[in-house]
Amino acid sequence: PMVRAVRRVAKAFRFRFDKPQFGYAAANIALPRSAPRGRWTAIVQADGVEEPVGKVTFGVEDFAPQRLAVDIARNVGATPISGADESRAVGLDARFLYGAPCSGLQVQGEARVKVDHDPFPKFEGFRWGDEQTPFEEKLVQGAETVTDGAGHATLAFNSAEVGDTPQPLKALFNASVFEPGGRPVTESAELKIRRAPLFLGVKVDQGNDSGRQDPTIGFDIIAVDPNGARVAANAVNWTLITENWDYDWFQQDGRWQWRRTSRDVVVQKGALNIGAGSGARIGRRLGWGDYRLVVEGPSGAKSVIRFAAGWGAPAKDAE
């Protein structure tokens, strides 16, 4: 393999590696003081491969020390954002490092929203949300504003912008204040989003499969409010489904390919009441295979948990 660093269409450096040990090659590139400023690209190519096998871009700029500091209110993420249309104000203060407040500077906010896989840490081992059709990560752009005479500004994040979902989410909110030269200084805060009034958690107990019989798989089910407090939930419906996978091989354009299809079969279903202190538990002997448990409660609460029973692992889309 070889690596070359290019700027636009002009090659600046080129290195070739013959028979690198352990498939690993490295080169230290010292840029001269006369190196053009701007965007550079390093490309790695392998003999016999038409397209680059690796590429990374980086910027070459004159170093300028940071001129200002940005502080976000500490308690902005102390409580989760609940409800379908709640707005959370994110306050920040900006000051020059020599002490003066940053007045009249542009401020911009954005939030990257994704699934919170551990929304209620005190309930260890419990799983939440829809694992069959998980929430797709989303970037929410915020409105722009300017700092006032004291260097203060307020940005807003509205839970309605993430869409309708019963899953617990979290948002990494980035607030950027732009220096007079245009360089942003960014600070972040994590916001927890709980749009639904009720969340259902499931803990899967794989049981003991050392005997001759199929193991008894147990499920502990609890209900919590947006703040993570245990609550009661009545008339909770549950459905246990087995996922049967079929693999079909076919030839197309002279090449063998494969596709996978699933046939769902309902194993068992029922209804239960979840106590605020005791929760609920169900169990069933299950043979080897892939399964999912669908739990649906009042106010649109829903969790879909996928798991495997017996020896093996859940099927993936890999060959």
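This one's a predicted model, so the numbers in the text were calculated from it and none came from an experiment.

1. With respect to unusual backbone geometry
Move 1: Unlike most non-glycine residues, alanine 235 shows phi in positive territory, near 55°.
Move 2: Secondary-structure assignment places alanine 235 in strand β16 (residues 233–252).
Move 3: Look at serine 299: it is not a glycine, yet its phi comes out positive at around 60°.
Move 4: Relative to the assigned elements, serine 299 resides in the loop between β19 (289–296) and β20 (302–309).
Move 5: Given a relative accessible area of 56%, serine 299 falls into the exposed group.

2. Focus on the nonpolar core
Move 1: Counting residues in hydrophobic clusters, the biggest one holds 30 residues, and the most contacted among them are Leu68, Leu92, Val113, Phe157, Phe173 and Val177.
Move 2: Looking at this core, the elements with two or more residues in it are β5 (68–72), β7 (87–96), β8 (106–115), β11 (152–158), β12 (169–178) and β13 (184–194).
Move 3: A total of five residues in this core trace back to one element, the largest contributor, which is β12.
Move 4: Dropping the residues within four chain positions of it, valine 113 is found in contact with Phe135, Glu136, Glu137, Lys138, Val140, Phe157, Val162, Leu169, Lys170, Ala171 and Ile193.
Move 5: Judged by nonpolar contacts, the second largest core, of 24 residues, contains Leu200, Ile221, Trp238 and Leu272.

3. Overview of the sheet that holds β20
Move 1: With antiparallel pairing, four strands are arranged side by side in an open sheet as β17-β16-β19-β20. The open sheet terminates on both sides in strands that have one partner only, identified here as β17 (255–274) and β20. Pairwise comparison of adjacent strand axes, ignoring direction, gives a mean angle of 20° for this sheet.
Move 2: One ladder, built from seven bridges, connects β16 with β19; its direction is antiparallel.

4. A look at the side chain of glutamate 243
Move 1: If you trace the backbone, glutamate 243 turns up in strand β16.
Move 2: Of note is the side chain of glutamate 243, whose polar atom sits 3.0 Å from the side chain of arginine 292.
Move 3: Separated by 2.8 Å, the side chains of glutamate 243 and arginine 306 make a polar contact.
Move 4: Apart from residues no more than four positions distant in its own chain, glutamate 243 is found in contact with Ser262, Arg263, Asp264, Asp290, Tyr291, Arg292 and Arg306.

5. Digging into the pairing of strand β14 (residues 199–205)
Move 1: Within β14, five of the seven residues are buried, leaving the element largely enclosed by the surrounding structure.
Move 2: Taken together, the two bridges between strand β9 (residues 127–128) and β14 define a ladder with antiparallel strand orientation. Counted as the bridge partner of tryptophan 128 is glycine 201 from β14.
Move 3: Bridging between β14 and strand β15 (residues 216–224) involves seven bridges; their strand directions are antiparallel. Residue leucine 200 lies in a different strand from β15, and its bridge partner there is alanine 223.

6. Focus: the packing of aromatic side chains
Move 1: Scanning all chains against the criterion turns up 10 aromatic pairs.
Move 2: Both rings, one in phenylalanine 120 and one in phenylalanine 199, keep their centres 6.0 Å apart while their planes meet at 55°; by these two values the pair is tilted. On the criterion of sequence distance, the pair formed by phenylalanine 120 in the loop between β8 and β9 and phenylalanine 199 in strand β14 is long-range, its members being 79 residues apart. Take phenylalanine 120 and phenylalanine 199: they sit in the same class, and that class is buried.
Move 3: Here the aromatic rings of phenylalanine 219 and phenylalanine 307 are separated by 5.3 Å at their centres, their planes lie at 65°, and the arrangement is edge-to-face. Residue phenylalanine 219 is located in strand β15, and its partner phenylalanine 307 is located in strand β20; the two are separated by 88 residues in the primary sequence.
Move 4: On the basis of relative accessible area, phenylalanine 307 is assigned to the buried category, the value being 5%.
Move 5: Sitting over the face of the ring of phenylalanine 250, arginine 259 holds its NZ or CZ atom 4.6 Å from the ring centroid.

What counts and how
Residues numbered from 1 in each chain as written. Predicted model: local features only at pLDDT ≥ 70, side-chain atom pairs only at ≥ 80, totals over all residues. Heavy atoms only, no water. Helix = DSSP H or I, 4+ residues; strand = E, 2+ residues; numbered from the N terminus. Buried < 20%, exposed > 50% of the residue type's maximum accessible area, 1.4 Å probe, protein only. Core = buried A, V, L, I, M, F, W, Y, C linked by side-chain atoms within 4.5 Å. Contact = heavy atoms within 4.5 Å. Pairing = 2+ DSSP bridges. Axes fitted to C-alpha atoms, helices over the stretch in contact; angles between N-to-C directions. Polar contact = N/O pair within 3.5 Å; in protein donor to acceptor, adjacent residues only side chain to side chain. Phe/Tyr/Trp six-rings, centres within 6.5 Å; stacked < 30°, edge-to-face > 60°. Lys NZ or Arg CZ within 6 Å of the ring centre and 35° of its normal.

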